[in-house]
Amino acid sequence: MNMSRRHMLVLLPAAAVAWKFALAGTPEASPNYTKSEHWWGMLIDIPKCIGCGNCVRACQAENDVPDGFFRTWVERYHVTDYHMENPEVISPDGGKEGFPSVAEDAGKYFFVPKMCNHCADSPCTQVCPVGATFVTPDGVVLVDQKYCLGCAYCVQACPYGCRYIHPEKKVADKCTLCYHRITKGLTTACCENCPTGARQLVDLKDPKDPIHAFLKTHEVQVLKPQMATGAKAFYNGLDGSVR
Amino acid sequence: MKLLKDAGHLFRFAGLFVIAFLIFLVVRHFVVPKTFGQYGHYRGASIDEMAARPIKFAGHQTCEQCHSDVAETKTNGKHAHVNCEACHGPLADHANDPASVIPTLPDTTVLCARCHTASAAKPAGFPQVNPAEHSGGMPCKTCHTPHSPVIGATPAAPSAAGGAK
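Here's what I pulled together on the structure shown here.

Parameters and conventions
- Residues numbered from 1 in each chain as written.
- Chains lettered and ligands numbered in written order.
- Predicted model: local features only at pLDDT ≥ 70, side-chain atom pairs only at ≥ 80, totals over all residues.
- Helix = DSSP H or I, 4+ residues; strand = E, 2+ residues; numbered from the N terminus.
- Rg over C-alpha atoms; globule rule 2.2 N^0.38 Å.
- Buried ≥ 20, exposed ≤ 12 C-beta atoms within 10 Å, placed from the backbone.
- Contact = placed C-beta atoms within 7 Å.
- Nonpolar A, V, L, I, M, F, W, Y, C, P; charged D, E, K, R; others polar.
- Expected span 1.5 Å × (residues − 1).
- Pairing = 2+ DSSP bridges.
- Axes fitted to C-alpha atoms, helices over the stretch in contact; angles between N-to-C directions.

1. Points about the overall build of chain B
Scanning chain B for helices and strands turns up 8 helices and 0 strands. Taken against the 2.2 N^0.38 rule, which gives 15 Å for 165 residues, the C-alpha radius of gyration of chain B at 32 Å runs more than 25% over that of a compact globule. Here chain B holds 165 residues, and 18% of them are scored as buried.

This is the structure in structure tokens:
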């Protein structure tokens, strides 16, 4: 074949592009876990939460979360009569060491554990300018800390306040839904350590997961549904005063 | 070929574009990580890096492989659904090397109070006490067995598998 230099120049870029596509097709690394077979979320059962702070401590231990920062935290709401729109909310040190006792008082009290909602249409991943945060094929919002620049755009974008800039790494950090645990068949650190079962990891793609029956028979809500984030932290018994 | 008679300068110019494009492709090949774009606009390998992190809480299934006696005690008690590490702390290191990593027993005076201190904010059905009035500062396990906290049962001596006190 007689190929002129011009032909060669035309063919080279095409070959380079084709090679890129060939490289992209590398298989998944962990053989026992198929990402496309899962769609993770969390069920938070507010009437079961006793505000012990076990989830917060477990999360900090499992994930080396620095003091004063939280991947999950617990808030205590106090709603007095006729003040639905102005609840008194406290979260001393994220509820890590529990909450001060209260005597019988007017109004109602309840605990709301908060965490990343692992939104299917998450605002935080949409604003990342470098592709450092993303929703995985199994529905977990993660941060690639080798790629993150620490611009904190995502911290502002999260409507739930679930992200922070790590004080030492200077990159965005957040709940990973214990991705290193759930891919090994374990539950998250917070769920493992919740003494009352107020938090449960759910797999929406698993037909045997009790979440399907639970969602059919309970009044379940997500936080800030008006934001249309596709939140996957499902709250049972959520009060209207919760922000 | 009359059309292209004086078009040499155009081809030289086009050639420059092609070379610039090739340089771009080569630079891009080395600068952009291999797995970028594998699943979406991000580095696909970062998912597996995240999954490869070591765990710290072994999980109650792991604990029960050796401590089946404790698991048995818990089954019928009120703490059946409280997992081991919720009280004993993260012990994956102990599970990996039971001989050299010896866990310390939690102090029940502090531990039990975290959940069971009375507060109107807690769900009404949850068992709650005022620790000072209830026990006068005595450790809870003086009377209750933590693994099955019914009163009256003598606190069990730590079993052989249960480790040091």
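2. A few points about the interface of chain B and chain A
Listed per partner, the contact involves 40 residues of chain B and 49 residues of chain A. Within the residue set of the side of chain B that touches chain A, elements represented by two or more residues are α1 (8-31), α2 (45-51), α5 (84-88) and α7 (108-116) of chain B. Top element by residues in the side of chain B that touches chain A is α2 of chain B. It accounts for 5 residues. Each residue belonging to the side of chain B that touches chain A can be placed in one class, and the counts come to 21 nonpolar, 11 polar and 8 charged.

3. Some points on the environment of alanine 14 of chain B
With respect to the secondary-structure elements, alanine 14 of chain B resides in helix α1. Put simply, alanine 14 of chain B and asparagine 130 of chain B are 116 residues apart on the chain and 85 Å apart in space, counted from C-alpha to C-alpha.

4. Topic: α1 of chain B
Helix length check: α1 of chain B, at 24 residues, gives a terminal C-alpha distance of 35 Å against a target of 34 Å (1.5 Å per residue), a fit within 8%. Little of α1 of chain B is tucked away: 0 of the 24 residues are buried.

5. Describing the pairing of strand β11 (residues 233-236) of chain A
On a regular strand, one side chain projects to one face of the sheet and the next to the other, so that they alternate. As paired elements, strand β1 (residues 40-45) of chain A and β11 of chain A share 4 bridges and run parallel to each other. Residue pairing in the sheet places methionine 42 of chain A in a bridge with alanine 233 of chain A of β11 of chain A.

6. Brief notes about the pairing of strand β2 (residues 72-79) of chain A
Residue and element names in this part refer to chain A. The buried count for β2 comes to 6 of 8 residues, which makes it a mostly enclosed element. Alignment of β2 against strand β4 (residues 108-115), held across 8 bridges, turns out to be antiparallel. By the bridge assignment, valine 79 is partnered in β4 with lysine 108.

7. Details of unusual backbone geometry
Residues and elements named next belong to chain A. Despite not being glycine, histidine 118 has its phi angle at roughly 45 degrees, a positive value. Looking at where histidine 118 falls in the secondary structure, it is placed in the loop between β4 and α3 (123-127). On the neighbour-count criterion, histidine 118 (27 C-beta atoms within 10 Å) is buried. Positive phi, normally seen in glycine, also occurs at alanine 152, with a value near 70 degrees. Looking at the secondary structure, you find alanine 152 in the loop between β6 (141-143) and α4 (153-157).

8. Observations regarding the sheet that holds β2 of chain A
Strands pair in a sheet through their backbones, by hydrogen bonds, and they do so in one of two ways: parallel or antiparallel. Residues and elements named next belong to chain A. Read across the open sheet, the 3 strands follow the order β3-β2-β4; overall the sheet is antiparallel. The sheet is open, and its two borders are formed by β3 (88-90) and β4, each paired with just one other strand. Taken over all neighbouring pairs, the strand axes of this sheet differ in orientation by 25 degrees on average, direction set aside. Against the sheet, helix α2 (residues 54-63) contacts β2 and β4, and its axis sits at roughly 160 degrees relative to β2.

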